Amino acid sequence: MTTPALVDLRSDTVTRPTAAMRAAMAEAVVGDDVYGEDPTVNALEERVAALLGHEAGLFVPSGSLGNQLGLRLHAAPGQEIVCDQLAHIARAELGAAAAFSGITFRTWPAERGLLDVDAVAGLIAPDAGPYLVSTTAIAVENTHNFGGGTVQPAAAVAAVARLARDHGLGLHLDGARLWNAHVATGTPLAELAAPFDTVSVCLSKGLGAPVGSVLVASAERIAAARVWRKRYGAGMRQAGILAAAGHHALDHHVERLADDHARAARLGAALGVDAATVETNIVVLRVPDAAAVAQTAAAAGVLVSALGPRLLRLVTHLDVDDAGVERAVEVLAPLAAGS
Ligand SMILES: *Cc1c(COP(=O)(O)O)cnc(C)c1O
């Protein structure tokens, strides 16, 4: 048996639904969503689409599926989508775009995951003809997970959107943590989502729902994605139980992300991390031996992720309070300094 975890900073996916959220789930009005008859799911899809300024939404079990449905709307087998080297779709979805949709990626190097329009422009090959793989879309991640919770600057997003439009390319946003970008910048969600054709957002990260993501796009694209969702075996029946958690999260857990951001800033400052790199709820900490630090911290009840041989990721969320942050500092500061 391991020591019970006191502070779990591995990811913001580890949150457990609050009592109030569970009550909302228990009371959800439900129907068969494959028949389109679950009022709670339908309302959530409409609500998220409206929030993000798109025509329609599709409730899916995971952010990976939201991304994968979005990507396959943009490319046919044998075509490519470009994204950055650290993108979740390229690194953390187990090759799904290749395995299911026959899509390949080419990637641009990105410091902290930040968009660089020149790098994107240098990579794309629209209508490449019979020799090179044709690029059909550009994918962007905001906030950027492996980049350290980075918010994409609006000017860079606008420049990439212009590039996509000029070359007739689709534009997908992996907005798993778009809520965090919204709270960190005060920019309306619809403004953050406007440049994109397809946007996937997660309810199960900082928002604290147990399950669920929503893909938004035009009504036509969502109708096609709905068919593919069922084909993938992800058509859910009385999913209103889960969608109710999403409604509760949107009602109560969006603005409080500011608390997570403040706690991440406190963690970063106490551990000597450059404050400019802690923009939202993720802290990336450089240490000589990430696995060793993670293991020692775990033994003291503080869980962190080793992102690479010398990189640790610390993520604040609904289930980490101020006392948890201070406990993490107490355990990690000597390890970070001494290692
Ligand atoms: C978590 C995450 C996802 C989706 O993850 P699931 O575990 O499939 O829900 C997608 N993109 C980013 C950037 C993420 O951090």
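Residues numbered from 1 in each chain as written. Predicted model: local features only at pLDDT ≥ 70, side-chain atom pairs only at ≥ 80, totals over all residues. Heavy atoms only, no water.

What to know about the environment of Arg177
1) Next: Inspection of the secondary structure assignment puts Arg177 in the loop between β6 (170-175) and α8 (178-185).
2) Next: Residues Arg177 and Ala110 lie 67 residues apart in sequence; the distance between their C-alpha atoms is 18 Å.
3) Next: Not counting residues within four places of it along the chain, the set of residues in contact with Arg177 comprises Ser11, Asp12, Asn142, Thr143, Asn145, Lys205, Asn281 and Ile282. (Helix = DSSP H or I, 4+ residues; strand = E, 2+ residues; numbered from the N terminus. Contact = heavy atoms within 4.5 Å.)

Topic: the environment of Ala225
1) Next: For Ala225, the location among the structural elements is in helix α10 (residues 219-231).
2) Next: Sequence separation of Ala225 and Ser62 is 163 residues, and the distance between their C-alpha atoms is 14 Å.

Looking at the side chain of His247
1) Next: Inspection of the secondary structure assignment puts His247 in helix α11 (residues 240-252).
2) Next: A relative accessible area of 15% places His247 in the buried class.
3) Next: A distance of 3.1 Å separates a polar atom in the side chain of His247 from the backbone oxygen of Thr40.
4) Next: A polar side-chain atom of His247 sits 3.2 Å from the main-chain amide nitrogen of Leu44.
5) Next: If we skip the residues at most four places from it in the chain, His247 touches Thr40, Ala43, Leu44 and Arg47. (Buried < 20%, exposed > 50% of the residue type's maximum accessible area, 1.4 Å probe, protein only. Polar contact = N/O pair within 3.5 Å; in protein donor to acceptor, adjacent residues only side chain to side chain.)

Here we look at the site of the ligand
1) Next: Around the ligand lies a shell formed by Ser62, Gly63, Ser64, Asn67, His88, Glu93, Glu141, Asn145, Asp174, Ala176, Arg177 and Lys205.
2) Next: Side-chain polar atom of His88 to a nitrogen atom of the ligand: 3.4 Å apart, as the coordinates give it.
3) Next: Contact between the ligand and Asn145: an oxygen atom at 2.9 Å from a side-chain N or O atom of the residue.
4) Next: In isolation the ligand has 380 Å² of accessible area, and contact with the protein removes 84% of it.
5) Next: It is helix α3 (residues 63-74) that contributes the most residues to the shell around the ligand, 3 residues altogether.
6) Next: Residues belonging to the shell around the ligand are distributed by class as follows: 1 nonpolar, 6 polar and 5 charged. (Near = heavy atom within 4 Å. Areas by Shrake-Rupley, 256 points an atom, 1.4 Å probe, with all protein chains shown as cover. Nonpolar A, V, L, I, M, F, W, Y, C, P; charged D, E, K, R; others polar.)

Here we look at the packing of helix α1 (residues 19-26) against α11
1) Next: The contact between α1 and α11 brings their axes to 8 Å, and the two run at 135°. Compared by their axis directions, α1 and α11 come out oblique. At the point where α1 passes α11, the crossing takes the right-handed sense. Packed against α1, whose contacting residues are Ala20, Met21, Ala24 and Met25, the element α11 presents Ile241, Leu242, Ala244, Ala245, His248 and Ala249 at the interface.
2) Next: The class makeup of the residues in the contact of α1 with α11 is 9 nonpolar, 1 polar and no charged. (Axes fitted to C-alpha atoms, helices over the stretch in contact; angles between N-to-C directions. Parallel < 35°, antiparallel > 145°, perpendicular 65-115°, else oblique. Left-handed = near helix turned anticlockwise from the far one by under 90°.)

Some points on the domain arrangement of the chain
1) Next: Split by domain assignment, the chain resolves into domain 1 (19-252) and domain 2 (256-338).
2) Next: Every contact between the two is made by 18 residues of domain 1 and, on the other side, 14 residues of domain 2.
3) Next: Buried area between domain 1 and domain 2, summed over both chains or domains, comes out near 1300 Å², and the portion from carbon and sulfur atoms is 55%.
4) Next: Three residues, Arg112, Gly148 and Asn180, lead the burial of domain 1 against domain 2; their summed loss comes to 31% of the area buried on that side.
5) Next: At the junction of domain 1 with domain 2, the criterion picks out 1 salt bridge.
6) Next: For Glu279, the salt bridge is made with Arg112, and the minimal N-O distance between the two is 2.8 Å.
7) Next: Taken together, the links from domain 1 to domain 2 amount to 5 residue pairs in polar contact (both at pLDDT 80 or more).
8) Next: Here the element with the most residues in the side of domain 1 that touches domain 2 is α8; it accounts for 4 residues. (Domains from an automatic or database assignment. Buried area = accessible area lost by both parts, 1.4 Å probe. Salt bridge = Lys/Arg side-chain N within 4 Å of Asp/Glu carboxyl O.)

Considering the sheet that holds strand β12 (residues 311-315)
1) Next: Sheet architecture is open: 3 strands sit in the order β9-β12-β11, paired in antiparallel fashion. Two strands lie at the open edges of the sheet, namely β9 (282-286) and β11 (305-308), each paired on one side alone. Strand-to-strand twist in this sheet, taken as the mean axis angle between neighbours without regard to direction, amounts to 35°.
2) Next: For β9 and β12, the ladder comprises 5 bridges, and the chain directions are antiparallel. (Pairing = 2+ DSSP bridges.)

Quick look at the UniProt feature "modified residue: N6-(pyridoxal phosphate)lysine" (unreviewed entry) in the chain
1) Next: The feature "modified residue: N6-(pyridoxal phosphate)lysine" (unreviewed entry), as annotated in UniProt, sits at Lys205 in this numbering.
2) Next: With respect to the secondary-structure elements, Lys205 resides in the loop between β7 (198-202) and β8 (213-217).
3) Next: For Lys205, a relative accessible area of 12% gives the class buried.
4) Next: Sequence-distant contacts of Lys205, that is, excluding residues within four places in its chain, are made with Asp12, Thr13, Thr15, Ala176 and Arg177. (UniProt positions renumbered as here; feature names shortened; annotations may be inferred.)

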